[in-house]
2 protein chains.
Amino acid sequence: MAKPRKTPRPRAETPKGFRDYFGAEVTERADMLSKIVGVYHGYGFDALESSAVETVEALGKFLPDVDRPGGGVFAWQDEDEKWLALRYDLTAPLARVYAQHRNDLPTPYRRYAVGPVWRNEKPGPGRFRQFYQCDADTVGTASMAADAEICAMLADTLEAVGIERGDYVVRVNNRKVLNGVLEATGIPVDDIATRDAVLRTIDKFDKVGESGVRELLGKGRLDASGAYIDGVGLLEPQIEPVVGFLMSFSEVQRDLALEATRAFDEGDSERGEKLDRARHSVSPEFKDDPEIRNDVEARAIWTTRVLDHLQRIVGKSVIGAEGVEELREISDLLMAQDYHADRIIIDPSVVRGLGYYTGPVFEAELTFEILDEKGRPRQFGSVAGGGRYDDLVKRFTGQAVPATGVSIGVDRLLAALRDKGRTGGEAQGPVVVTVMDRDRMADYQAMVGDLRRAGIRAEVYLGNPKNFGNQMKYADRRGSPVAIIAGEDEFARDMVQIKDLILGAQIAENATLEEWKERPSQVEVPRAQLVESVREILSRQG
Amino acid sequence: MAKPRKTPRPRAETPKGFRDYFGAEVTERADMLSKIVGVYHGYGFDALESSAVETVEALGKFLPDVDRPGGGVFAWQDEDEKWLALRYDLTAPLARVYAQHRNDLPTPYRRYAVGPVWRNEKPGPGRFRQFYQCDADTVGTASMAADAEICAMLADTLEAVGIERGDYVVRVNNRKVLNGVLEATGIPVDDIATRDAVLRTIDKFDKVGESGVRELLGKGRLDASGAYIDGVGLLEPQIEPVVGFLMSFSEVQRDLALEATRAFDEGDSERGEKLDRARHSVSPEFKDDPEIRNDVEARAIWTTRVLDHLQRIVGKSVIGAEGVEELREISDLLMAQDYHADRIIIDPSVVRGLGYYTGPVFEAELTFEILDEKGRPRQFGSVAGGGRYDDLVKRFTGQAVPATGVSIGVDRLLAALRDKGRTGGEAQGPVVVTVMDRDRMADYQAMVGDLRRAGIRAEVYLGNPKNFGNQMKYADRRGSPVAIIAGEDEFARDMVQIKDLILGAQIAENATLEEWKERPSQVEVPRAQLVESVREILSRQG
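Note on numbering: residues in each chain are counted from 1, in written sequence order. Whichever chain is written first becomes A and whichever ligand is written first becomes 1, with later ones labelled in order. Side-chain atom pairs in this predicted model are given and counted only at pLDDT of 80 or more, local residue features only at pLDDT of at least 70, and totals for whole chains, interfaces and linings cover all residues. Hydrogens are left out, water is left out, and the side-chain values use all remaining heavy atoms of the structure.

1. Remarks on the overall build of chain A
- Secondary structure elements follow DSSP: runs of H or I of four or more residues count as helices, runs of E of two or more count as strands, with numbering from the N terminus. Scanning chain A for helices and strands turns up 21 helices and 19 strands.
- It is over C-alpha atoms that the radius of gyration is taken, and the globule rule equals 2.2 Å times the number of residues to the power 0.38. What you see for chain A is a C-alpha radius of gyration of 30 Å, clearly larger than the 24 Å of a compact globule of 542 residues, by over 25%.
- Dimensions of chain A, computed from C-alpha atoms along their principal axes, come out at roughly 95 × 75 × 55 Å.
- Relative to its 542 residues, chain A shows a buried fraction of 54%.
- Taken as a whole, chain A presents about 24,500 Å² of accessible surface, with 49% of it coming from carbon and sulfur. Under the scheme applied here, a residue whose accessible area is under 20% of the maximum for its type counts as buried, over 50% as exposed, and between as partly exposed, the area being computed with a 1.4 Å probe on protein chains only. Exposure was quantified through the Shrake-Rupley algorithm and a 1.4 Å probe, taking into account, for residues, occlusion by the shown protein chains and nothing else.

2. Structural notes on the environment of B:A442
- If you trace the backbone, B:A442 turns up in helix 16 (residues 441-453).
- For B:A442, a relative accessible area of 23% translates into the label partly exposed.
- Whether two residues touch is decided by their heavy atoms; if any such pair falls within 4.5 Å, the residues are in contact. Beyond its immediate sequence surroundings of up to four residues, B:A442 is in contact with A:L333 and A:A336.

3. Description of the sheet that holds strand 16 (residues 458-460) of chain A
All names here are of chain A.
- Any two strands between which DSSP finds at least two bridges are classified as paired. Here we have five strands laid out as an open sheet, ordered 16-15-17-18-19, and mixed in their pairing. Looking at strand neighbours, the two that pair on one side only are strand 16 and strand 19 (522-526), the edges of this open sheet. Ignoring strand direction, the axes of neighbouring strands in this sheet form an average angle of 25 degrees.
- With five bridges joining them, strand 18 (residues 495-500) and strand 19 adopt antiparallel strand pairing. In the strand pairing of strand 19, M495 is matched with P526. Interaxial angle, 0 to 180 degrees, is taken between N-to-C directions of lines fitted to C-alpha atoms, where a helix line uses only the stretch in contact.

4. Some thoughts on a negative patch on the surface
Residue and element names in this part refer to chain A.
- For patches, a residue must show more than 30% relative accessible area and have no salt bridge; joins then use 9 Å for like charges and 5 Å for nonpolar side chains, namely Val, Leu, Ile, Met, Phe, Trp and Tyr. The salt bridge criterion pairs a side-chain nitrogen of Lys or Arg with a carboxyl oxygen of Asp or Glu, the two atoms within 4 Å. Counting rule for charge: Lys and Arg are taken as positive, Asp and Glu as negative, and neither His nor the chain ends is counted. Taken as the charge location is NZ of Lys, CZ of Arg, CG of Asp or CD of Glu. Together, D265, E266, D268, E270 and E273 give the surface a local cluster of negative charge.
- Mapped onto the fold, D268 is located in the loop between helix 9 (248-265) and helix 10 (269-280).
- Exposure remark for D268: the relative accessible area of 34% places this residue in the partly exposed category.

5. Remarks on the nonpolar core
- Note on terminology: a nonpolar core comprises buried Ala, Val, Leu, Ile, Met, Phe, Trp, Tyr and Cys residues joined through side-chain atoms within 4.5 Å. Core analysis: the biggest nonpolar cluster contains 122 residues, and A:I484, A:V534, B:Y40, B:V170 and B:L413 have the highest contact counts within it.
- No other element matches helix 4 (residues 144-161) of chain B, which puts twelve residues into this core.
- The residues contacting A:I484, other than those within four sequence positions of it, are A:V431, A:V432, A:V433, A:T434, A:M447, A:V496, A:Q497, A:I498, A:L530 and A:V534.
- Among the nonpolar cores identified, the runner-up in size contains 121 residues, and A:V39, A:Y132, A:A341 and B:M441 belong to it.

6. Some details on the interface of chain A and chain B
- Each side of the interface is counted separately: chain A has 99 residues, and chain B has 98 residues.
- Between chain A and chain B, the buried area comes to about 8,500 Å², and carbon and sulfur atoms account for 53% of it.
- The largest share of the area that chain A buries against chain B comes from A:E49, A:R457 and A:L462, three residues that together contribute 9% of it.
- If you look at where chain A meets chain B, you find 14 salt bridges.
- When the shortest N-O distance is used, the salt bridge between B:R110 and A:E459 registers 2.7 Å. Buried area counts how much accessible surface, traced with a 1.4 Å probe, disappears from two parts once they are put together, with both parts' losses summed.

7. Side note on unusual backbone geometry
- Omega for the peptide link from A:T107 to A:P108 comes to -5 degrees, which places this bond in the cis form.
- Relative to the assigned elements, A:P108 resides in the loop between helix 3 (91-101) and strand 6 (109-118).
- In this structure, A:D494 is a non-glycine residue whose phi angle is positive, near 60 degrees.
- Unlike most non-glycine residues, B:D338 shows phi in positive territory, near 70 degrees.
- For B:D338, the position within the fold is in the loop between helix 13 (318-336) and strand 11 (344-346).
- What makes B:D338 partly exposed here is its relative accessible area of 47%.

8. Remarks on the relation of the copies chain A and chain B
- Structural alignment of chain A on chain B gives an RMSD of 0.1 Å, achieved by rotating through 180 degrees and translating 0.0 Å along the axis. Here the copies are linked by what is in effect a two-fold axis. Closest approach to the rotation axis within chain A is made by the C-alpha atom of A:W76, at a distance of 2.8 Å.
- Most of the interface of chain A is mirrored in chain B: 99% of its interface residues are interface residues there too. All copies are superposed by least squares; the fitting set is the C-alpha atoms of residues with a pLDDT of at least 70 in both.

9. Considering the packing of helix 16 of chain B against helix 21 (residues 530-541) of chain B
All names here are of chain B.
- Interhelical geometry of helix 16 versus helix 21 gives an angle of 55 degrees and a closest axis separation of 10 Å. On the basis of the axis angle, helix 16 is oblique to helix 21. The interaxial crossing formed by helix 16 with helix 21 has right-handed handedness. Residue-level inspection shows M447, D450 and L451 of helix 16 in contact with helix 21, the latter providing L530, V531 and V534. Angular relationships are summarised with four words: roughly parallel below 35 degrees, roughly antiparallel beyond 145, roughly perpendicular across 65 to 115, and oblique for the angles in between. Here a crossing is taken to be left-handed if its near helix is turned anticlockwise relative to the far helix by less than a right angle, and right-handed if that turn runs clockwise.

10. Description of the environment of B:L501
Residue and element names in this part refer to chain B.
- As for its position among the elements, L501 is in helix 19 (residues 501-510).
- Residues L501 and V431, 70 residues apart in the sequence, show an inter-C-alpha distance of 9.7 Å.
- Leaving out residues up to four positions away in the same chain, L501 has contacts with M472, A475, S480, P481, V482, A483 and Q541.

11. Describing the packing of helix 12 (residues 296-314) of chain A against helix 13 (residues 318-336) of chain A
Residues and elements named next belong to chain A.
- With their axes 9 Å apart at the nearest point, helix 12 and helix 13 run at an angle of 170 degrees to one another. Relative to helix 13, the element helix 12 lies roughly antiparallel. Two secondary-structure elements touch here, helix 12 through A300, T303, L307, D308, L310, Q311 and V314 and helix 13 through G320, A321, V324, L327, R328, S331 and M335.
- Ten residue types, Ala, Val, Leu, Ile, Met, Phe, Trp, Tyr, Cys and Pro, are classed as nonpolar, four, Asp, Glu, Lys and Arg, as charged, and the remainder, Gly among them, as polar. Split by residue class, the contact of helix 12 with helix 13 holds eight nonpolar, four polar and two charged.

12. Structural notes on the packing of aromatic side chains
- In summary, the pairing rule links any two rings of Phe, Tyr or Trp, Trp by its six-membered ring, whose centres are within 6.5 Å, and it sorts them by plane angle into stacked for under 30 degrees, edge-to-face for over 60 and tilted for everything else. Taken as a whole and assessed by the stated rule, the structure comprises 19 aromatic pairs over all chains.
- With 5.0 Å between their ring centres and 10 degrees between their planes, A:W76 and B:W76 make a pair best called stacked. In this pair, A:W76 is assigned in strand 4 (residues 75-77) and B:W76 in strand 4 (residues 75-77), connecting two distinct chains. Each member of the pair, A:W76 together with B:W76, is buried.
- Relative to B:F45, the ring of B:Y40 has its centre 6.5 Å away and its plane inclined at 45 degrees; by these criteria the two rings are tilted.
- A relative accessible area of 1% places B:Y40 in the buried class.

13. A look at the pairing of strand 14 (residues 403-409) of chain B
Residues and elements named next belong to chain B.
- Among the seven residues that make up strand 14, six are buried, leaving the element largely enclosed by the rest of the structure.
- In this structure, strand 7 (residues 130-139) lies alongside strand 14, joined through seven bridges in antiparallel fashion. What sits directly across from A136, in strand 14, is V406.
- In terms of strand pairing, strand 13 (residues 377-388) meets strand 14 through five bridges, oriented antiparallel. Bridge pairing in strand 14 links G386 to V406.

See below:
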């Protein structure tokens, strides 16, 4: 019994920055997530689903000392005056869960989690305030085997969802190596501002290259738009270790090329070729070359050389040497399991934004090209990232608990699969049984019942059946592959008409009037053969 | 670089009324939901995932005219002063989505949705402020075929998740019939308070029975605790139609019994037996009797008699007659598809709480007994409900849009499956490869790699390997079926030890010292036979 409404009608709108997902958008994501979770589970990771709502103090993004906390989360005050908020990632809740339940959980605790997270940020094109994350973490072990396992699992996961080997690479670095580089520059440990500025500059290496980094670490540089960017102000000897570190890749390649030439000159062509193969093993242009792809030794040489190179740059720093040693350990473990440089490589340029990483950091990048909004080809880029964070649980318990993990950007990975045509595409609509005679509803229902029992998605048209054209428009909008038609005449003869809508659409586009009249896309079959005939048409449609 | 922390440590706690779900709690629910969604999809329903956050005006529970809205939802003010809130169900968002996107959606629009909803209510034992719902609705058709379809789908869904036929029943009623009963009482249409009081009393019929309802509709009654409950204050002729309506079931049963007796007396035993079978067709004690179970005609007689009975009670009311006619239509459609009274019955006592239902209402009840917290047997009760609501979209558009749907109480249904042992039970943990020699980590990793490639869940122990007992405790805590052990000695001989932990636990409970020493639960096999041997043990464990 509706009361008389005096207020204006509400607007039918999602809040700003939120959206709805329909049909295949939902099911394709669910399919992908179930494949990811299948790999995680096979690696011994257990499911965890924490609540969407956490106390603000547990999330730890800000303190409730102002009337209404901002700081990137959606927050509100509960009845008992406690501030609550929607989780902004799946890592902060994991730290809370582990601290709360640590006596009941196995150690190490391997867990995966999938679900939406919320950010109270300015929305933009393709940037929403609710989106999915899919994480796997191992809590309670400092062993590099845990980090290696995460990297191997990430590679397996990408292949499981349909990214082919060669179309992705997992890049691994170590924060300790970066700290070693910073130590080599001589910047004091407590000069956090300068250290952060250096890290930010390292992160720009991909864009501005060697000379750009040199300028940005020194006096500054004119950017493409003509604006002058202030430099960090380091001196030449301080800049050198940073650039040497960033140039590791090309320097190791150059060294290998020189050595190969020397070997050829000395007549040792076997060695020369091996060194060349090592050099090519990380080059995208050789990624499909079977000679290089299958040369495990060549790729092992590459990795060893990169690690030795890093050792030379940061070796004098204790923390830096520790980082290189950790990378070597991860690399050895991965190689022993046949994860080589075609899937997982040591890459000194990986920084990862989050401040809390304390050791190895990883990033999964898709290496195939897509066209950007302006039609220019560019690499697809990062779809997952993570690393070791040893201080997160400490906030709660006071004791450091080592942990490492990875987070997959679900929507980005799904977009990549769509770009590559690796999803189901537009999901198929149901077979639509049309209604010619309202009094025969029970017979139409019996038809869909038969189809469903045979595993065929099917439904009766439930709108107003008066206008048959509307029924066909409906079937079209649903993406139906087949329509069933039966009126008085067909019932009298115990027959049904089966219309192949896919073929029908093709004929409608290309056919002459004569072809059209022959209606080869529609057949009449006995009612008893309905299921069989529909199944045949569906299998013909492929 | 952590800054020095001066604030006290945060408490590691979920907010009041929220909880975490671990391992099998998550995966069993996911399995059940995927089966439900499979049935919905087969019926032609499309997935919809709307955002967790809606504007308060779209949800329509309250108006933002106070500083902080209460009213059962979690709400907060966005930057632009708009009030936002977490959705409290999946129906209100559907109305918003349909109003917003109606020009792009097919009509009728069949959609399903699965996800958490949030209620800002006082939490209690087993009552949480975040829980799952799983809904299916058809928007845009007034056809009773849509309601019949929902009921059939609900029955199919329950069977798909593992509730056997006979262990559930879908009860169907119609609000219009209830309105017809109210009309028959002569209570004026605008006396909403009295009408609501009558509806609430009808809802108590299951508990207080015929005499209780008579008292509660009249002068009142002493309840079991000795407290006096005020009555609605109706007069005897006003009470009669309500009680007659509620007693439909037993009155129809009595009439059938009388008629059967008469038939037997007249020597027409065939007819007498048929009438008896009709009477028994809705009695739980005959539900496994094949003679009754397979007697479609008997169950059709039952349904016809109930509808005729209702017709007699409310037939003089136009709205009441319309309701009976709708029930008859639903019932005919369902019977034509072989959904009979063993699965779906017309039951006049179904009321359903929500005010917005306008026509058919349904409720799925599990009929098997469980033990309550005090060890007394009781019926499991309702796990799903729904009905027709024709006014929900109108709030936004001004135009009435007919709609009907059902919502499954996910956690209750899951609890029922657990009670019946129809879930996977405690999910099996991974095979644990123990670490006897830290330097052999790569070899241990290779073992789990081999196991995983064979589809066997497996992991290396990544905790501190010093204390072997801790490794076995870990395997126990994980529920591992098998542990692999290989130390220096085994590696030298290229062998591995495989320990059957399930058998081991059985022996540990019952074995003598001699039996224990023979260690039949542990075998040594060549490394090359690792996968094969583990697979054999797992299949033996079943």
